[in-house]
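Summary of structural features
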Amino acid sequence: MATALITGATAGIGEAAARAFVEAGWHVIGTGRRTERLEALKAELGERFHGAVFDVRDEAARDAALDALPAAFRDIDLLINNAGLALGLKPAQEASLDQWKTMIDTNITALVSVTHKLLPGLIARKGAIINLSSVAASYPYPGGNAYGATKSFVRQFSLNLRSDLIGTGVRVTSIEPGMVETEFTVVRTGGDQAASDKLYGGVTPMTGEDIAETMLWVATLPPHMNINTIELMPVNQAFSPFLVHREG
């Protein structure tokens with residue numbers, strides 16, 4: 001039976017992915033910082049789900065959790081690097097350096113660290129890696145600064161992994177969603193639910209379940225096929241015109 005490790009499984013896309021993969025017959029290791037949410041998922045999903053409580057930025061805690069995996073969950077076939085966050089919407093000249101560092105530590109450093117940790121086993125089992133990037137990797141917008149840059153890294157890291165892993169049988173995909181209604185905006189604005197409601201007002205955004213189903217589709221394609229990148233947007237979202245500042 002195939003086993004997936006999904007980082008950031010306590011909410012949003014990660015939580016939806018845990019449900020989708022368990023329902024499809026996979027064993028799932030879901031990681032996150034919120035013990036009570038992982039326990040709730042365990043109660044809901046049963047013996048095919050194992051919760052591993054740690055912050056992805058804490059390598060020692062991560063290693064301890066992985067070393068303690070039950071036998072049925074130790075052979076990981078799929079890594080879904082889902083954990084990540086956006087903080088703040090201020091322009092670069094007003095942004096918080098601490099927020100920038102937190103995004104870099106979570107979206108980049110932790111992602112490459114867990115990938116490096118699991119690569120030997122993924123190569124041995126001809127497994128797969130799915131990295132959650134964003135349309136922000138390709139399309140800049142005011143206030144996107146460090147967040148968009150971290151997601152560009154995720155996209156390019158995914159493509160470079162493909163180059164390095166040629167011949168190993170390991171597949172790598174960068175999934176790049178647009179508007180998905182999760183906790184994302186509430187976290188970004190420091191808990192402002194009204195800001196989130198305004199952003200999605202009058203829009204039919206994608207859901208965590210939409211992205212989870214895309215991940216499951218990618219993971220269950222024939223092993224000779226690799227999806228390099230997938231960019232997804234709701235129909236209500238498209239591309240903005242160029243910003244033009246006019247003097248006078």
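As the structure is a prediction and not an experimental result, all values here were calculated from the model.

A closer look at the overall build of the protein chain
- What the protein chain contains, in helices and strands, is eight helices and seven strands.
- The globule rule puts the C-alpha radius of gyration for 248 residues at 18 Å, and the 18 Å found for the protein chain is close to it.
- Taken over the C-alpha atoms alone, the protein chain extends approximately 70 × 40 × 35 Å along its principal axes.
- For the protein chain, the proportion of its 248 residues judged to be buried stands at 48%.
- In the protein chain, of all internal contacts separated by at least 6 residues, the share reaching a separation of at least 24 is 69%.
- Averaging the positions of the 21 positive and the 27 negative side-chain charges in the protein chain gives two centres separated by 4 Å.

Looking at the packing of aromatic side chains
- The full count for this structure, using the stated rule, is three aromatic pairs.
- Taking 5.3 Å as the distance between ring centres and 55 degrees as the angle between the ring planes, the aromatic pair formed by Y139 and F239 counts as tilted. Here F239 lies in the segment after β7 (229-232) and Y139 lies in the loop between β5 (128-132) and α5 (145-164), a separation of 100 residues in the sequence.

Details of unusual backbone geometry
- Positive phi, normally seen in glycine, also occurs at K126, with a value near 50 degrees.
- On the secondary structure map, K126 appears in the loop between α4 (97-124) and β5.

A word on the pairing of β7
- Covered by surrounding structure in β7 are I230 and L232 only, the residues T229 and E231 on the alternate face being uncovered.
- Here four bridges tie strand β6 (residues 171-177) to β7, and the two strands are oriented parallel to one another. Looking across to β7, one finds that P177 is bridged to L232.

Re the packing of helix α3 (residues 59-67) against α4
- Between α3 and α4, the shortest axis-to-axis distance is 11 Å and the interhelical angle comes to 35 degrees. Where α3 crosses over α4, the two elements pack in a sense that is right-handed. Here α3 contributes E59, R62, D63 and L66 to the contact with α4, which in turn contributes S113, V114, K117 and L118.
- Its residues assigned to classes, the contact of α3 with α4 shows three nonpolar, one polar and four charged.

Criteria and thresholds
Residues numbered from 1 in each chain as written. Predicted model: local features only at pLDDT ≥ 70, side-chain atom pairs only at ≥ 80, totals over all residues. Heavy atoms only, no water. Helix = DSSP H or I, 4+ residues; strand = E, 2+ residues; numbered from the N terminus. Rg over C-alpha atoms; globule rule 2.2 N^0.38 Å. Buried < 20%, exposed > 50% of the residue type's maximum accessible area, 1.4 Å probe, protein only. Contact = heavy atoms within 4.5 Å. Lys, Arg positive; Asp, Glu negative; His and termini not counted. Charge placed at Lys NZ, Arg CZ, Asp CG, Glu CD. Phe/Tyr/Trp six-rings, centres within 6.5 Å; stacked < 30°, edge-to-face > 60°. Pairing = 2+ DSSP bridges. Axes fitted to C-alpha atoms, helices over the stretch in contact; angles between N-to-C directions. Left-handed = near helix turned anticlockwise from the far one by under 90°. Nonpolar A, V, L, I, M, F, W, Y, C, P; charged D, E, K, R; others polar.

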